[in-house]
Amino acid sequence: GDTPANAFTGSLTTTPAVAGAGTYAITQGTLASTRYTFTFVPGDLVINKAPLTIAAVDRVRAARQDNPVLSVTYTGLVNNDSPAVVNGLQISTPANPTSVPGAYTIFVGGATADNYDITFVNGTLTVSPLPLTIVANDATRPAGQANGGFSATFLGLTQGDTPAAIAGLTLSSPADAASPPGLYPIIPANGTNPYYAITYVNGTLVV
């Protein structure tokens, strides 16, 4: 009819002092009895690392600009921990000011923290093309003549670019030498440059 309450005195075990994630021995405490001898089998207190996700924040910038400051978010910090408990974090992207518009990975990694099991999530740096407007210049010619060379105005060229930087540009009109007097569109099209998003504005040919 003995129970632990009337057969034993003292504490069965001593709880280990816990400093963080790890394995801690559970040892015999002050347990005593006038009627029993003890064989004590130690145990372990296992404290697992807390899960922590470090994710790169997506960023957007224009072409031919420096990269913005790259940053991360922390999900899973516990016990009022701050990001200062994380060491060795590395954030990088292969994009640079000469990179053409597109999507570039923001890599995050290298970090460690004593009490955390870290998962890394990469982000995306989106490099946007620069806006460029190509406006066909108005022109005039007499009826019965072939169209002359059309020209255009370029609005938005940067860093010393000239119209020659736009490859493949065509300037055309449906009017020909047989067209009667009237107004006809001058149509710019087909220009390309990897750094620019091109918008076209028609001009007017007056025959």
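Bear in mind that the values here come from a model prediction, so they are computed numbers and not experimental data.

Novice: Got a sec to walk through the pairing of strand β15 (residues 183-189)? Specific residues and values, please.
Specialist: Here β15 shows a clear split, with Y184, I186 and P188 buried on one side and none of L183, P185, I187 and A189 buried on the other. Summarising the sheet, β15 and strand β17 (residues 203-206) pair through 4 bridges and their orientation is antiparallel. From the neighbouring strand, I186 faces β17, where its bridge partner is G203.

Novice: Tell me about unusual backbone geometry, and name the residues and values.
Specialist: Here the phi dihedral of N80 falls at roughly 65 degrees; this positive angle occurs in a residue that is not glycine. The residue N80 is located in the loop between β6 (72-75) and β7 (90-92) in this model. Judged by relative accessible area, which is 81%, N80 ranks as exposed. Positioned with a positive phi, Q159 is a non-glycine residue whose angle comes to about 50 degrees. Here Q159 shows up in the loop between β13 (152-155) and β14 (170-172). Assessed through its relative accessible area of 59%, Q159 is described here as exposed.

Novice: Which residues make up the pairing of β13, and what values go with them?
Specialist: Across the two faces of β13 the burial differs, with A152 and F154 buried and T153 and L155 not buried at all. Two elements, strand β11 (residues 130-136) and β13, share 4 bridges in a ladder whose sense is antiparallel. Directly across from T133, in β13, lies its bridge partner L155.

Novice: Can you tell me about the sheet that holds strand β1 (residues 13-14), naming the residues and giving the values?
Specialist: Taken together, 3 strands build an open sheet; the order of strands is β1-β2-β3 and the sheet is antiparallel. The open sheet has two edge strands with one neighbour each: β1 and β3 (43-47).

Novice: Can you explain the packing of aromatic side chains? Please cite residues and give values.
Specialist: Per the stated rule, a full pass over the model turns up 2 aromatic pairs. Residues F8 and Y36 carry aromatic rings whose centres are separated by 5.5 Å and whose planes lie at 70 degrees to one another, so their mutual orientation is edge-to-face. Here F8, found in the loop between α1 (4-7) and β1, pairs with Y36, found in the loop between β2 (22-28) and β3; they are 28 residues apart in sequence, far enough to count as distant. Looking at F8, the relative accessible area reads 26%, which means it is partly exposed. Residue classification places Y36 among the partly exposed positions, given a relative accessible area of 36%. Seen from their ring centres, F8 and F38 are 5.3 Å apart, and the 75 degrees between their planes marks the pair as edge-to-face. Residue F8 is found in the loop between α1 and β1, and its partner F38 is found in the loop between β2 and β3; the two are separated by 30 residues along the sequence. Among the aromatic residues, those joined into a ring-pair cluster are F8, Y36 and F38.

Reading the values: rules and limits
- Chains are numbered independently. Their residues run from 1 in the order of the written sequence.
- Given that this is a predicted model, residues contribute local features only at a pLDDT of at least 70 and side-chain atom pairs are listed and counted only at 80 or more, while totals for whole chains, interfaces and linings are drawn from all residues.
- Just so you know, side-chain values use all the structure's heavy atoms and leave hydrogens and water out.
- Each residue is placed in one exposure class: buried if its accessible area under a 1.4 Å probe, protein chains only, is under 20% of its type's maximum, exposed if it is over 50%, and partly exposed if it falls in between.
- Each helix is a run of H or I in the DSSP string that is no shorter than four residues. Each strand is a run of E no shorter than two, and both are numbered from the N terminus.
- By this definition, two strands are paired if DSSP reports at least two bridges between them.
- Two rings belonging to Phe, Tyr or Trp (six-membered ring only in the last case) form a pair when the distance between their centres is within 6.5 Å. Interplanar angles under 30 degrees mark stacking, angles over 60 mark edge-to-face geometry, and anything in between is tilted.

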